[in-house]
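A look at the structure
Given next are the chains, with one letter for each unit.
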Amino acid sequence: MNQMDQTKFCCSVCLDLLKDPVAIPCGHSYCMNCIKSFWDGEEKKKIYSCPQCRQTFTARPVLVKNTMLADLVEELKKTGLQAAPADHCYAGPEDVACDVCTGRKMKAFKSCLVCLASYCEKHLQTHYDVAPLKKHKLVEPSKKLQENICSRHDEVMKMFCRTDQQSICYLCSVDEHKGHNTVSAAAERTERQRELEVSRQNIQQRIQDREKDVKLLQQEVEAINQSADQTVEHSEKIFTELIHLIQKRSSDVKQQIRSQQETEVSRVKELEEKLEQEITELKRKDAELKQLSHTEDHIQFLHNYPSLSALSESTDSSSINIRPLSYFEDVTAAVSEVRDKLQDILREEWTNISLTVTEVDVLLSDPPEPKTRAGFLKYSCEITLDPNTANKQLLLSEGNRKVTLMNQQQSYSDHPDRFTVRYQVLSRESLTGRCYWEVEWRGRGVYVAVTYKSISRKGGGNECAFGLNDKSWSLDCDNNSYTFWYDNIQTPVSGPRSSRVGVYLDHRAGILSFYSVSETMTLLHRVQTTFTQPLYAGLWLHYNYGDTAELIKVK
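Residues numbered from 1 in each chain as written. Predicted model: local features only at pLDDT ≥ 70, side-chain atom pairs only at ≥ 80, totals over all residues. Heavy atoms only, no water.

An unreviewed UniProt entry annotates the protein as Tripartite motif-containing protein 16-like originating from Oreochromis aureus.

Below is the structure:
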């Protein structure tokens with residue numbers, strides 16, 4: 001039977017051959033269970049309809065098996081009748097449809113690159129049975145078969161032009177592609193397939209390499225976590241020990257104060273009791289003398305006076321030496337001094353601790369130093385000058401980014417961080433990690449420097465001057481030459497004159513580089529060392545009033 005015949009014996013609900021067929025009053029037939037389930041869903045509305053014609057019935061029809069139709073279906077099954085294709089076998093909008101099917105089209109099972117058509121499983125059978133069709137190239141269903149047709153000659157493109165790198169038909173090879181390097185599409189595919197295999201091998205090798213790297217990184221993460229956890233545990237233990245030590249010292253001081261308090265109070269009480277006894281004795285003596293003074297018998301008076309007038313030895317008043325306003329206050333001052341010293345130590349050491357933490361860097365390789373100004377600008381940092389460090393002859397302006405040497409002192413307040421003799425100033429910001437900044441200068445010249453914060457500030461000795469000690473590095477720029485200074489050792493530097501100098505710092509890697517900046521960047525001098533503390537940018541103007549240097553906002 002043909003497909004149209006099959007559909008007559010299929011249930012329109014399940015799309016399968018009828019099972020226990022029943023006919024409802026409108027004449028349509030369904031599987032017994034299918035129509036029951038359908039009407040069960042309409043039970044609440046008390047209106048029952050036919051799934052095909054939508055005729056409604058106010059009373060639910062009684063279903064009786066149609067034995068004649070059931071016998072007919074069973075007989076037809078024996079003759080090879082199959083169920084109609086389920087909906088999922090038909091081609092939807094996104095599917096490739098069979099080009100042979102009429103009416104509702106089935107999904108394509110294969111596409112033929114020779115016929116340039118797509119076939120469902122049924123219509124593809126001839127490609128398996130007919131000898132000439134067996135040679136055709138079958139591929140997965142494709143909507144792009146027309147892309148294999150030459151738009152100019154309407155022929156299948158079976159060739160490839162290597163000169164123009166495009167697919168062509170045989171007419172193209174003798175027409176507009178005449179004289180070009182042309183091969184069959186199969187030959188080009190073979191060549192490209194070889195290249196593809198090499199590419200895949202390279203990719204697979206890279207995948208293996210990257211997977212190894214991932215495992216290494218995973219191990220690194222475990223190591224980092226383990227190290228961090230152990231360090232946190234050890235740090236907490238150490239700080240706990242410090243806290244216990246301080247608490248022990250606090251308890252010792254408290255106990256010592258209480259002990260001394262008890263001793264001193266006991267001494268005072270002892271003297272107080274002596275004085276109270278003396279007062280009592282003196283009052284008794286005074287009463288006796290008073291009574292004697294009222295005696296009228298002269299002989300009796302003279303007889304008793306010598307014994308009554310004699311006084312016991314008085315308590316030494318010099319032993320009562322009250323020190324005004326000061327008992328244990330000096331202890332408070334001493335403890336305060338300890339606190340201040342501990343705070344200073346913690347403040348100084350905290351910088352080293354913090355720097356040590358931030359220097360933990362487990363990247364497999366450090367990024368190389370940039371080659372172009374654009375590369376350096378990725379590390380540009382906003383730096384301002386600290387007024388508390390500026391020599392009083394220096395005027396700061398442009399939001400504390402520009403410094404000018406003046407011939408009169410500025411009204412700066414005294415500050416321990418201020419340079420008193422050298423015309424120098426430091427940045428407010430500390431520099432760690434990777435940083436880049438530029439200095440524009442005008443006048444006789446400037447020292448562009450980096451330094452540890454611990455550089456001396458008082459006086460005009462080398463210990464205060466950028467580059468003349470082991471705490472600072474400095475490039476001396478003037479109109480005629482460059483000179484690099486460190487630890488009072490000078491190194492002549494050659495390079496193009498420029499009023500702008502770029503400074504690149506990689507603190508962790510210990511790299512400090514100075515560049516002459518103009519249309520291009522020219523390396524003037526590079527330092528490779530180990531930085532043990534955070535650095536600060538510094539400027540030192542030559543002894544010429546009106547000279548300026550400015551930290552430029554780079555973009």
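1. Quick look at the overall build of the protein
On a plain count of helices and strands, the protein comes out with 10 helices and 23 strands. Taking 555 residues into account, the globule formula puts the C-alpha radius of gyration at 24 Å, and the protein, at 53 Å, lies well above it. Taken along the three principal axes of its C-alpha coordinates, the protein extends 170 × 90 × 40 Å. The buried share of the protein, taken over its 555 residues, is 30%. Of the contacts formed within the protein by residues at least 6 apart in sequence, a portion of 55% connects residues at least 24 apart. In the protein, the 71 positive side-chain charges and the 78 negative ones have mean positions that sit 10 Å from each other. (Helix = DSSP H or I, 4+ residues; strand = E, 2+ residues; numbered from the N terminus. Rg over C-alpha atoms; globule rule 2.2 N^0.38 Å. Buried < 20%, exposed > 50% of the residue type's maximum accessible area, 1.4 Å probe, protein only. Contact = heavy atoms within 4.5 Å. Lys, Arg positive; Asp, Glu negative; His and termini not counted. Charge placed at Lys NZ, Arg CZ, Asp CG, Glu CD.)

2. Overview of helix 7 (residues 185-293)
With 109 residues, helix 7 extends 153 Å between its outermost C-alpha atoms, agreeing within 8% with the 162 Å of an ideal straight helix rising 1.5 Å per residue. Taken residue by residue, helix 7 has E188, E278, K285 and L292 as its buried positions. Of the surrounding secondary structure, the elements contacted by the buried residues of helix 7 are strand 8 (159-161), strand 10 (182-184) and helix 8 (298-309). (Expected span 1.5 Å × (residues − 1).)

3. Remarks on the side chain of E438
Tracing the chain through its elements places E438 in strand 14 (residues 434-442). Residue class for E438 comes out buried when judged on its relative accessible area of 0%. Here R373 takes part through its side chain, which lies 2.9 Å from a polar atom of the side chain of E438. With near-sequence residues (within four places) excluded, E438 lies in contact with R373, R500, V501, G502, V517, E550, L551, I552 and V554. (Polar contact = N/O pair within 3.5 Å; in protein donor to acceptor, adjacent residues only side chain to side chain.)

4. Topic: the sheet that holds strand 7 (residues 138-139)
With respect to topology, 3 strands assemble into an open sheet ordered 6-5-7, the strand pairing being antiparallel. For this open sheet the edge positions go to strand 6 (117-119) and strand 7, each flanked by a neighbour on one side alone. When strand 5 (residues 110-112) meets strand 6, the two strands line up antiparallel, connected through 3 bridges. By the bridge assignment for strand 6, K110 is matched with Y119. (Pairing = 2+ DSSP bridges.)

5. A closer look at the pairing of strand 23 (residues 548-552)
Judged by how many residues are buried, strand 23 sits mostly within the fold: 4 of 5 residues are covered. Pairing of strand 14 with strand 23 involves 5 bridges; the strand directions are antiparallel. In the strand pairing of strand 23, V439 is matched with L551.

6. Things to note about a nonpolar patch on the surface
Together, I238, F239, L242 and L245 line one region of the surface with nonpolar side chains, adding up to about 360 Å² of accessible area. On the secondary structure map, L242 appears in helix 7. (Patch = residues over 30% accessible without salt bridge, like charges linked within 9 Å, V, L, I, M, F, W, Y side chains within 5 Å. Areas by Shrake-Rupley, 256 points an atom, 1.4 Å probe, with all protein chains shown as cover. Salt bridge = Lys/Arg side-chain N within 4 Å of Asp/Glu carboxyl O.)

7. Some thoughts on the UniProt feature "domain: B box-type" (unreviewed entry) in the protein
This chain's UniProt record puts "domain: B box-type" (unreviewed entry) on residues 145-185. In residues 145-185, the share of helix is 12% and the share of strand is 22%. The end C-alpha atoms are 15 Å apart. (UniProt positions renumbered as here; feature names shortened; annotations may be inferred.)

8. Some thoughts on the packing of helix 7 against helix 8
One way to put it is that helix 7 packs onto helix 8 with a least axis distance of 11 Å and a crossing angle of 165 degrees. One way to sum up the angle between helix 7 and helix 8 is to call them roughly antiparallel. Regarding helix 7 and helix 8, the two cross each other, and that crossing is left-handed. Along the contact surface, helix 7 presents K285, E288, L289, L292 and S293, while helix 8 presents F301, N304, Y305, S307, L308 and S309. Residue composition of the contact of helix 7 with helix 8, by class: 5 nonpolar, 4 polar and 2 charged. (Axes fitted to C-alpha atoms, helices over the stretch in contact; angles between N-to-C directions. Parallel < 35°, antiparallel > 145°, perpendicular 65-115°, else oblique. Left-handed = near helix turned anticlockwise from the far one by under 90°. Nonpolar A, V, L, I, M, F, W, Y, C, P; charged D, E, K, R; others polar.)

9. Observations regarding the packing of aromatic side chains
Describing an aromatic ring pair means giving the distance of the ring centres and the angle of the ring planes. Taken as a whole and assessed by the stated rule, the structure comprises 14 aromatic pairs. Plain terms: the ring middles of Y423 and Y543 are 5.3 Å apart, the flat faces sit at 55 degrees to each other, and that makes the pair tilted. Taken as a pair, Y423 in the loop between strand 12 (402-405) and strand 13 (424-431) and Y543 in the loop between strand 22 (535-541) and strand 23 lie far apart in primary sequence, 120 residues in all. Under the relative-accessibility criterion, Y423 is labelled buried at 14%. Among the aromatic residues, ring-to-ring pairing joins F376, Y379, Y436, Y504 and Y515 into one connected group. In this arrangement the basic side chain of R104 is found over the ring face of Y90, its NZ or CZ atom lying 3.8 Å from the centre. (Phe/Tyr/Trp six-rings, centres within 6.5 Å; stacked < 30°, edge-to-face > 60°. Lys NZ or Arg CZ within 6 Å of the ring centre and 35° of its normal.)

10. Quick notes on the environment of L405
Structurally, L405 is set in strand 12. Classification of L405 by relative accessible area gives buried; the value is 1%. Separated by 18 residues in sequence, L405 and Y423 have C-alpha atoms that sit 7.6 Å apart. Setting aside chain neighbours within four positions, we find L405 in contact with Q393, L394, Y423, L541, H542, Y543, N544, Y545, G546 and D547.

11. Some points on helix 2 (residues 32-40)
If you check which residues of helix 2 are buried, you get M32, C34, I35 and W39. Buried residues in helix 2 make contact with strand 1 (21-23), strand 2 (29-31), strand 3 (48-49) and strand 4 (56-57).

12. Digging into the pattern of salt bridges
Scanning the entire structure with this criterion turns up 27 salt bridges. For the salt bridge of D340 with R339, the shortest nitrogen-to-oxygen distance reads 3.3 Å. Here the salt bridges share partners, and the residues they tie into one network are R373, E438, E440, R442 and R500.

13. Focus on the nonpolar core
With 49 residues, the main nonpolar core has V403, W437, W473, L475, L512 and F514 as its most contacted residues. Examining the composition of this core, we find that 6 residues originate from one element, strand 15 (residues 445-452), more than from any other. Core analysis: the next-biggest nonpolar cluster, separate from the first, contains 20 residues, C10, V22, C31 and C50 among them. (Core = buried A, V, L, I, M, F, W, Y, C linked by side-chain atoms within 4.5 Å.)

14. Observations regarding the environment of I345
Along the chain, I345 falls in helix 9 (residues 329-358). Accessibility expressed as a relative area gives 46% for I345, which makes it partly exposed. Expressed as a C-alpha distance, the spacing of I345 and F419, which sit 74 residues apart in the sequence, is 23 Å.

15. Regarding unusual backbone geometry
Backbone geometry places D154, a non-glycine residue, at a positive phi of 55 degrees. On the secondary structure map, D154 appears in the loop between strand 7 and strand 8. The backbone of N400 sits at a positive phi, close to 60 degrees, despite the residue not being glycine.

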